[in-house]
Amino acid sequence: MRGDGGARDAQAARGPCFPDDIVSRWSRTDTALASAICDMWVSGVSTRKAGAVAAEMGVESTGRGRVPGLCASLDGEVAEMRSADLSAEPWPYLWLDAASDAHEGLARAVRETLPGAAWQRCVAHLERNARDRCRRRDVGEAAVAAPEAALSERDPSLARAGYRRACDLLAAEDPRGAEPPGEAAPSALACLDFPREHARWVRTNDARERTSREARRRTRVVRAFPSFDSLAGLVGAVCCDQNDAWLESRNFIDARSLRPDCERDPLPEEPGGVERVTGLVDEAFDRRRRVA
């Protein structure tokens, strides 16, 4: 044995080690979850499930004095995020709740409150609306596949041509199902006026929904929160973690592309591009109908 290997081996022989400060090295969300469970436990409102979860996390021996310090730094970080003044910085995109997809009142409020802002309707929900209105299942599935094929194009003009073709195909099969995508075309295609690096991210509400799903997954473990502060701490930790993940991820919007001076090379004109895209939309429509 050499270095500190002997100490580690000796500790392993004595049994597992769970230092008191290991919780501080977890992610924000895990720390907030542990704190919420401990808060339930010491306040006398815990359940068997909460106790089992606490035991699995290794915090079953956490005492009353440990709870206040468990999230001392995290509480300050979450409080700073919740009270932050966002008016001093420009925000190119604002995601709203999914219920806003077809909510004319909210769309009107956006136009009145944010002059010059474009309204992007969630394409994923729009496709589901069209599918649900179709009388036949195979046509409904095709109503989802055809617009997806069109909007996968990088060139805005080709994407618009493909979307129009998808609406025409659907109208020929089921006019009732074609109403949502046809009427919502301006708001569904608003993303095509944005930088092409951003269009695939802002055309749906997935960014907000992923954060909501993570918050629901974590809060489902606790179920009954003993206080609003413990709930706000956990959900706030989820938001802080998600914000860091977006800033570090190469798969999300690159912060450099948000700068006004970001230069983008124009896409070369594609001879016969419209015919190619409409052919892809036709193929996607027919293939999904056959599979369904």
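Read on for an overview of the structure. Computed from a predicted model, the values in this text were never measured in an experiment. (Residues numbered from 1 in each chain as written. Predicted model: local features only at pLDDT ≥ 70, side-chain atom pairs only at ≥ 80, totals over all residues. Heavy atoms only, no water.)

Under the defined criterion, the tally for this structure stands at one aromatic pair. A cation over a ring is seen here: Arg200 above Trp201, with NZ or CZ 4.6 Å from the ring centre. (Phe/Tyr/Trp six-rings, centres within 6.5 Å; stacked < 30°, edge-to-face > 60°. Lys NZ or Arg CZ within 6 Å of the ring centre and 35° of its normal.)

Tracing the backbone through its elements, the reader meets His198 in helix α12 (residues 196–202). A polar contact is formed between the side chain of His198 and the side chain of Tyr93, at a distance of 2.8 Å. In contact with His198, other than residues within four places in its own chain, are Tyr93, Ile253, Ser257, Leu258 and Arg264. (Helix = DSSP H or I, 4+ residues; strand = E, 2+ residues; numbered from the N terminus. Polar contact = N/O pair within 3.5 Å; in protein donor to acceptor, adjacent residues only side chain to side chain. Contact = heavy atoms within 4.5 Å.)

Before going further, it helps to examine a positive patch on the surface. Residues Arg210, Arg213, Arg216 and Arg220 make up a contiguous surface patch of positive charge. Structurally, Arg210 can be placed in helix α13 (residues 206–222). (Patch = residues over 30% accessible without salt bridge, like charges linked within 9 Å, V, L, I, M, F, W, Y side chains within 5 Å. Areas by Shrake-Rupley, 256 points an atom, 1.4 Å probe, with all protein chains shown as cover. Salt bridge = Lys/Arg side-chain N within 4 Å of Asp/Glu carboxyl O. Lys, Arg positive; Asp, Glu negative; His and termini not counted. Charge placed at Lys NZ, Arg CZ, Asp CG, Glu CD.)

Looking now at the packing of helix α7 (residues 123–133) against helix α10 (residues 175–183). Contact geometry for α7 and α10: axes closest at 7 Å, N-to-C directions at 165 degrees. It follows that α7 is roughly antiparallel to α10 by the angle criterion. Viewed along their axes, α7 and α10 form a crossing whose handedness is right-handed. Of the residues in α10, those touching α7 at Leu126, Asn129, Ala130 and Arg133 are Arg176, Gly177, Glu179, Pro180 and Pro181. Residue composition of the contact of α7 with α10, by class: four nonpolar, two polar and three charged. (Axes fitted to C-alpha atoms, helices over the stretch in contact; angles between N-to-C directions. Parallel < 35°, antiparallel > 145°, perpendicular 65-115°, else oblique. Left-handed = near helix turned anticlockwise from the far one by under 90°. Nonpolar A, V, L, I, M, F, W, Y, C, P; charged D, E, K, R; others polar.)

Here we come to the pattern of salt bridges. Tallied over the entire structure, the rule returns 13 salt bridges. Ionic pairing is found between Arg133 and Glu179, a salt bridge with its closest N-O pair at 2.7 Å. Placement of Arg133 in helix α7 and of Glu179 in helix α10 is noted, with a sequence separation of 46 residues between them. On the accessibility criterion, Glu179 (38% relative accessible area) is partly exposed. Of the charged contacts in the structure, one is a salt bridge between Asp282 and Arg165, with a shortest N-O distance of 2.8 Å. One end of the pair, Asp282, is in helix α15 (residues 273–291); the other, Arg165, is in helix α9 (residues 156–173), with 117 residues separating them in the sequence. Assessed through its relative accessible area of 31%, Arg165 is described here as partly exposed. Where salt bridges share partners, they join Arg136, Asp138, Glu173 and Arg289 into one cluster. (Buried < 20%, exposed > 50% of the residue type's maximum accessible area, 1.4 Å probe, protein only.)

Mapped onto the elements, Ala117 comes out in the loop between α6 (104–113) and α7. Separated by 24 residues in sequence, Ala117 and Tyr93 place their C-alpha atoms 9.1 Å apart.

With respect to the helices and strands, the residue Asp155 is situated in the loop between α8 (137–151) and α9. Among buried charged residues, Asp155 stands out as having no salt bridge; its nearest opposite-charge side chain is Arg160, 7.0 Å away. A distance of 2.7 Å separates the side chain of Asp155 from the side chain of Ser157, its partner in a polar contact.

Further remarks concern the nonpolar core. Within soluble globular proteins, side chains that are nonpolar generally end up buried alongside one another. Among the nonpolar cores identified, the biggest contains 30 residues, and Tyr163, Ile253 and Val281 are the most heavily contacted of them. Those elements that place two or more of their residues in this core are α7, α8, α9, α11 (185–188), α12 and α15. When residues in this core are grouped by element, the largest group, six residues, is from α9. Those residues in contact with Val281 that sit more than four places away from it in its chain are Ala146, Ala149, Ala150, Gly162, Arg165, Ala166 and Leu169. Membership of the second largest hydrophobic core comes to six residues, among which are Ala130, Cys134, Val139 and Leu170. (Core = buried A, V, L, I, M, F, W, Y, C linked by side-chain atoms within 4.5 Å.)

A separate point is the environment of Arg154. Tracing the backbone through its elements, the reader meets Arg154 in the loop between α8 and α9. Taking the C-alpha atoms as reference points, Arg154 and Glu197, 43 residues apart in sequence, are found 8.8 Å from one another. The residues touching Arg154, leaving out its near neighbours within four places in the chain, are Arg196 and Leu267.

This brings us to the packing of α7 against α8. At their nearest, the axes of α7 and α8 sit 7 Å apart, and the two run at 150 degrees to each other. On the basis of the axis angle, α7 is roughly antiparallel to α8. Of the two elements, α7 crosses α8, and the hand of that crossing is right-handed. Counting all contacts with α7, which are made through Val123, Glu127, Ala130 and Arg131, the residues of α8 involved are Gly140, Glu141, Ala143, Val144, Pro147, Glu148 and Leu151. Considering only residue class, the contact of α7 with α8 consists of six nonpolar, one polar and four charged.

In short, geometric facts, not functional conclusions.
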